[in-house]
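Listed here are the chains, written in short residue letters.
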Amino acid sequence: MNLPILEIKGVSFSYGPIQALDDLHLHVDHGEIVALLGANGAGKTTLLKNIAGLLQSDSGEILYRNRNIERMEAEKIVQDKLILVPEHRQVFGTMSVLDNLSLGAYHHYKKTGKKEVAREIDKVFTLFPILEERKEQLAGTLSGGQQQMLAIARAIMAKPDLLLLDEPSLGLAPLIVKEVLNYVKQLRDELGVTILLIEQNVSASLKIADRGYVMSHGSIVKEGRAEDLLHNPEVKEVFLGHTV
Amino acid sequence: MKRKGIQQMSWKGLAAFTVLILILPFLLSTSLMITKATFAGIYTIVAVGLGLLMGFAGQISLGQAAFYGVGAYSTAILTATFGISPWLSLLIAITAPALIAYILGHTMARLHGYYLAMATLAFGIVIHVLLVEWKGFTKGASGFYGIPKLELFGFTFTQGISYYYLVWAFALLVIILSLNIIHSRIGRALRSIHDSEVASSSMGVDTGRYKMQVFIISAMFAGIAGWLFAHMSYSISPGSFGLDGSILFLTMVVLGGSTSVWGAVFGALLITAISSFVQALGSKISFITSDFEHVLYGLILMLVVIFLPQGLFPAIAAKLKPFLEFTGRKKKSGSITAVKGDQRA
């Protein structure tokens, strides 16, 4: 049986009077792709920011490899190989593709050295050949799909054990979405990275996920195997626009 | 591996700029022009520090003139009142602004959003009031007189060519230090903070620490400039260190472009030239007063923000790109050197 790499136990968080997360529970097992679904404002991004240490929850526990990281600083969490790819890609637009990738290796750059980082970049290029073609181009001038690939590749440079992906398909054409999500699956299959994925494209994300959670008003309202959720009448109606 | 991009170009630019600085006094016809060129060096030191803060850490300081004033008044009080050596007071002129910047930055919850701009604005006002009202130490609004001249191994630096070279030696050191910072791993981290703080944190960059460090460095640079200004002028008054001064420094950086060290240098030189021109014009045309200068700076600031948000230097550098390899960091970065090549010479 797979052990959880991440466990969220009763986490609550509020932005002033607005309760964004309310006694939320979920877990992600080693080697899984878990999809986190929910309408806008359900609290998905807030949850990822809490896990990544960019926000600090009001109560509850965030256990990463059985260690509570709830009060840990973001930099330390990255060093523990828990990496967030934030929404809207957020590549460093005024920097080249190579500089972006170098920054991905920021926390272990000193330890591994330039040569090792260069080798890691070459490995990343085998996964994302288009980035090698554009390696000297400013990241801000890449297309949306290429920027998303760069954002994921940059995260790979940090050698993640757990990757938090916040809406990687946002604003991308359907064909590109498919391509990006294929890359996400490839990360798990080839590199063994565990992935917690937020995605508006419910159908596409459940197709690559093992399990899924449905969030509403800061809590988990439904969970199950991805395939079951994909065929669940309620999920279909709410997210896919199908009536039963 | 051959160096590419910004690294190679910045150092080439530095060499060309140094030669220009060395020969400039021989091209200037009057001692007033040499004094103006010396002031340009002092302003360059402040502007480069502010440029690092704005262009690389994404923060705005509206109190840079106050740090400049702290540097100037620390050395004035220590040397003229307590008889301490000016070279020893240089240490205080650097550490006092640094300490204030640390306290200010620390209390501003790791410098998020526009809090630093507001805090430095308030700080600038407080310092100005202190300089005017704390007459026992600062001699108040009438100014502090009798600041000793700088001497080194029996040589006295007086206003003119010797002080010009002294100021520009400091300015070049500041430029070199800044180029080193921005071309290092720290510089890359700073640029990432400017581009996206969330993504930067997600990559493990301690954004608060870096922003604090750059804020302290910018305050230290302003302190050095204040020290140079005090020993050049022999007398200082609070008027030089108020909000007007801070806005002047801000204008230099915005005009030149905050995304490269050279932008700040260019802005400082250009504003000094404009100021000299307006003052010369003012001696001939009665309605052109110092208030006119303020209006002109406001206008320049507005026009640049609207039409050239990246500043003049990157725009000019882009036009000259085919002819000169002398651009700021907006150029396609030579990041491959950061990964595979030698970081710095």
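Quick note: structure is the one above.
Structure report, in brief. Quick caveat, the model's predicted, so the values are computed rather than measured. (Residues numbered from 1 in each chain as written. Chains lettered and ligands numbered in written order. Predicted model: local features only at pLDDT ≥ 70, side-chain atom pairs only at ≥ 80, totals over all residues.)

For chain A, the count of helices and strands is 10 helices and 10 strands. Against the globule reference of 18 Å for 244 residues, chain A gives a C-alpha radius of gyration of 18 Å, in line with a compact fold. Taken along its principal axes, the extent of the C-alpha atoms in chain A is 50 × 40 × 40 Å. Burial status across chain A gives 50% buried among its 244 residues. Contacts spanning at least 24 positions in sequence make up 68% of the contacts within chain A whose residues lie at least 6 apart. (Helix = DSSP H or I, 4+ residues; strand = E, 2+ residues; numbered from the N terminus. Rg over C-alpha atoms; globule rule 2.2 N^0.38 Å. Buried ≥ 20, exposed ≤ 12 C-beta atoms within 10 Å, placed from the backbone. Contact = placed C-beta atoms within 7 Å.)

Residue and element names in this part refer to chain A. Sheet architecture is open: four strands sit in the order β2-β1-β4-β5, paired in antiparallel fashion. The open sheet has two free edges, formed respectively by β2 (18-29) and β5 (67-68), since each of these has just one partner strand. The pairing of strand β1 (residues 4-15) with strand β4 (residues 59-64) spans five bridges and is classified as antiparallel. Within β4, the residue paired with L6 across the bridge is Y64. Along the sheet face, helix α1 (residues 44-51) touches β1, β2 and β4 and points at about 65° away from the line of β2. (Pairing = 2+ DSSP bridges. Axes fitted to C-alpha atoms, helices over the stretch in contact; angles between N-to-C directions.)

The subject of this paragraph is the interface of chain B and chain A. With 24 residues of chain B at the contact, the number on the chain A side is 31 residues. Elements with a contribution of two residues or more to the side of chain B that touches chain A: α8 (185-195), α9 (197-202) and α15 (335-339) of chain B. The class makeup of the residues in the side of chain B that touches chain A is eight nonpolar, eight polar and eight charged. (Nonpolar A, V, L, I, M, F, W, Y, C, P; charged D, E, K, R; others polar.)

This part covers helix α3 (residues 97-104) of chain A. Three or four residues apart is the spacing at which side chains of an α-helix point the same way, because the helix has 3.6 residues per turn. In terms of burial, α3 of chain A is largely enclosed, as eight of its eight residues are buried. Regarding α3 of chain A, the residues found buried are V97, L98, D99, N100, L101, S102, L103 and G104 of chain A.

The next subject is the pairing of strand β8 (residues 194-198) of chain A. Residue and element names in this part refer to chain A. With five of five residues buried, β8 lies mostly within the body of the structure. In the sheet, strand β3 (residues 33-38) pairs with β8 via four bridges, with the strands oriented parallel. Paired with A35 across the two strands is L197, which belongs to β8. Across five bridges, the pairing between strand β7 (residues 162-166) and β8 is parallel. Bridging across to β8, L162 finds its partner in T194. Following the backbone out of β7, through helix α7 (residues 174-191) and into the adjacent parallel β8, one traces a crossover that is right-handed. (Right-handed = clockwise from strand over helix to strand, strands pointing away.)

Let us look at the sheet that holds β7 of chain A. All names here are of chain A. In space, the six strands of this open sheet follow the order β6-β7-β8-β3-β9-β10, with mixed pairing throughout. What marks the edges here is a single partner per strand, and that holds for β6 (82-85) and β10 (219-225). Averaged over neighbouring strand pairs, the angle between their axes works out to 15° when direction is ignored. Pairing of β6 with β7 involves four bridges; the strand directions are parallel. Bridging from a neighbouring strand, L84 pairs with L164 of β7.

Considering soluble globular proteins, one finds that nonpolar side chains tend to be buried as a cluster. If you look at the biggest cluster of nonpolar residues, it comprises 175 residues, and the most contacted ones within it are L164 and L197 of chain A. Top element by residues in this core is helix α10 (residues 207-233) of chain B. It accounts for 17 residues. If we ignore the near neighbours within four places in the chain, the residues touching L164 of chain A are L48, I51, A52, I83, L84, V85 and L196 of chain A. (Core = buried A, V, L, I, M, F, W, Y, C linked by C-beta atoms within 7 Å.)

Glancing now at the packing of helix α3 (residues 64-81) of chain B against α10 of chain B. All names here are of chain B. Running from N to C, α3 and α10 point in directions that differ by 50°, and their axes come no closer than 7 Å. With respect to each other, α3 and α10 are oriented oblique. Classified by chirality, the crossing of α10 by α3 is right-handed. Touching Q64, F67, Y68, G69, V70, G71, A72, T75 and A76 of α3 are A219, A222, G223, I224, A225, G226, W227, F229, A230 and H231, all from α10. (Parallel < 35°, antiparallel > 145°, perpendicular 65-115°, else oblique. Left-handed = near helix turned anticlockwise from the far one by under 90°.)

All names here are of chain A. Among the structural elements, L36 can be located in strand β3. With 161 residues separating them in the primary sequence, L36 and L197 have C-alpha atoms 5.9 Å apart. With residues near it in sequence (within four places) discarded, L36 still touches K44, L196, L197, I198, Y213 and M215.

Turning to unusual backbone geometry, a few remarks are in order. All names here are of chain B. A positive phi angle, near 50°, is found at F153, a position not held by glycine. Structurally, F153 is set in the loop between β1 (150-152) and β2 (155-157). On the neighbour-count criterion, F153 (4 C-beta atoms within 10 Å) is exposed. With a phi angle near 65°, Y234 is a residue other than glycine that sits in the positive phi range.

Look at helix α6 (residues 144-157) of chain A: 20 Å from first C-alpha to last across 14 residues, which is about the 20 Å you get at 1.5 Å a residue. By the criterion of burial, α6 of chain A is predominantly enclosed, with 13 of the 14 residues buried. (Expected span 1.5 Å × (residues − 1).)

Here the focus is the packing of helix α4 (residues 86-107) of chain B against α10 of chain B. Residues and elements named next belong to chain B. The geometry of α4 relative to α10 is characterised by a closest axis approach of 8 Å and an angle of 145° between their N-to-C directions. Judged by the sense of rotation from one axis to the other, the crossing of α4 with α10 is right-handed. Contacts between α4 and α10 involve P86, L90, A93, I94, A96, P97, A98, I100, A101, Y102 and G105 from the former and M212, F215, I216, A219, M220, A222, G223, I224, G226, W227 and H231 from the latter. Class assignment of the residues belonging to the contact of α4 with α10 gives a composition of 18 nonpolar, four polar and no charged.

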